[in-house]
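Below are the chains, spelled out letter by letter.
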Amino acid sequence: PRPAPAELTDGNSEHLKREHSLMKPYQGAGSAAMPLWDFQGSTMVTSQYVRLTPDERSREGSIWNRVPCFLKDWELHVHFKIHGAGKKNLHGDGLALWYTQDRLTPGPVFGSKDNFHGLAIFLDTYPNDEATERVFPYISAMVNNGSLTYDHSKDGRWTELAGCSADLRNQNHDTFLAVRYSRGRLTVMTDVEDKNEWKNCIDIAGVQLPTGYFFGASAGTGDLSDNHDIISMKLFQLMVEHPVEDDTVDWTKIEPRVSLLKSPKDNVDDPTGNFRSGPLTGWKVFLLLLCALLGIIVCAVVGAVVFQKRQERNKRFY
């Protein structure tokens, strides 16, 4: 097992959930006989990797766990490889990791459906928004209750919770990603620099995800392409104590959501992946001008009062 920092599982098999894990040797490699996983589209299973898309245009593929996950606290380790012949900015589109209500439903979001219910982690390798300041490849997180649409033209910026840049394409060494969900906290970390250590990418509190959803991975290509390979997906159960009142909650009925002070749609592009203030819309400009006008009036009144009192003191002195 690969060493990992204390905040992530150490990879011991004690808490490995094999019914939710994809590891070599893949059973039924090259056929549809894998008992715990289904795949569709351009996905090809070999003895060394699961290739979601080849380095060809207009391809999409996915692989999904057949067993719903009823763990409240879990951690997913993904060993992947994104590579191809395309040079800088001439490759795409990317890979997505899913924990969602529906499975095996193809669509426009990296080979899977839009308006999903659950969690998605996007490994986006191509900047569709030419005005963006972000450095690609870019990793981002999205939680959806079915009401949000992923906007490819803006690289999902309006629905993104947080994200980071990561040089994960065409590497000669192994590349890994870890997704941890525990007590409402979502953490995403990467190991793509051949340092054998996790690097923080996303850390969000207030995330609510139901149990009973499915894990999966998908990828898509358009006019540009890449090989998108999954080498392994290992799910670990986290042994975490919960408040007594949690025992009365039906975790399968919880709606996916995030308790934020503001909507992700209020955020503008930020190359750091963190939230910052939204753009100055019309009403914000109006409020800003109103506050400035009130400030000027208050200063004028105060100045007039002070000037009048000084005049009165001067008259008394003479």
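Residues numbered from 1 in each chain as written. Predicted model: local features only at pLDDT ≥ 70, side-chain atom pairs only at ≥ 80, totals over all residues. Heavy atoms only, no water.

A.B. asks: Could you give an account of the side chain of N65, with specific residues and numbers?
C.D. replies: Among the structural elements, N65 can be located in strand β4 (residues 60–65). Residue N65 is classed as buried on the basis of its relative accessible area of 0%. In this structure the side chain of N65 is engaged in a polar contact, spanning 3.0 Å, whose partner is the backbone oxygen of E19. Reaching out from N65, the side chain makes a polar contact with the side chain of H20 at a distance of 2.8 Å. Other than its neighbours up to four places away in sequence, N65 contacts E19, H20, L36, W37, R103, F214 and F215. (Helix = DSSP H or I, 4+ residues; strand = E, 2+ residues; numbered from the N terminus. Buried < 20%, exposed > 50% of the residue type's maximum accessible area, 1.4 Å probe, protein only. Polar contact = N/O pair within 3.5 Å; in protein donor to acceptor, adjacent residues only side chain to side chain. Contact = heavy atoms within 4.5 Å.)

A.B. asks: Provide a residue-level description of the pattern of salt bridges, including the pertinent values.
C.D. replies: What the rule picks out here adds up to 14 salt bridges. R180 is paired through a salt bridge with E75; the nearest N and O atoms lie 3.0 Å apart. In this pair, R180 is assigned in strand β10 (residues 175–182) and E75 in strand β5 (residues 74–83), connecting sequence segments 105 residues apart. Residue R180 shares its accessibility class with E75, and that shared class is buried. (Salt bridge = Lys/Arg side-chain N within 4 Å of Asp/Glu carboxyl O.)

A.B. asks: Tell me about the nonpolar core, residues and numbers included.
C.D. replies: Residues W74 and I230 are the most contacted members of the largest nonpolar core, which totals 49 residues. Looking at this core, the element that brings in the most residues is β5, giving five residues. (Core = buried A, V, L, I, M, F, W, Y, C linked by side-chain atoms within 4.5 Å.)

A.B. asks: Pulling in residues and values, what's your account of the packing of aromatic side chains?
C.D. replies: Enumeration over the complete set of coordinates arrives at 11 aromatic pairs. Between W74 and F215 the ring centres are 4.9 Å apart and the planes differ by 85°, which places this aromatic pair in the edge-to-face class. Here W74 is found in strand β5, whereas its partner F215 is found in strand β14 (residues 214–220), with 141 residues between them in sequence. Here F215 falls in the buried class, since its relative accessible area comes to 1%. Residues F110 and F122 carry aromatic rings whose centres are separated by 5.3 Å and whose planes lie at 25° to one another, so their mutual orientation is stacked. Taken together, the residues F110 in the loop between β6 (94–100) and β7 (117–124) and F122 in strand β7 connect sequence positions 12 residues apart. Exposure class is identical for F110 and F122. Each is buried. An aromatic cluster is built from W74, Y99, Y181, Y213 and F215, whose rings are joined through pairwise contacts. (Phe/Tyr/Trp six-rings, centres within 6.5 Å; stacked < 30°, edge-to-face > 60°.)

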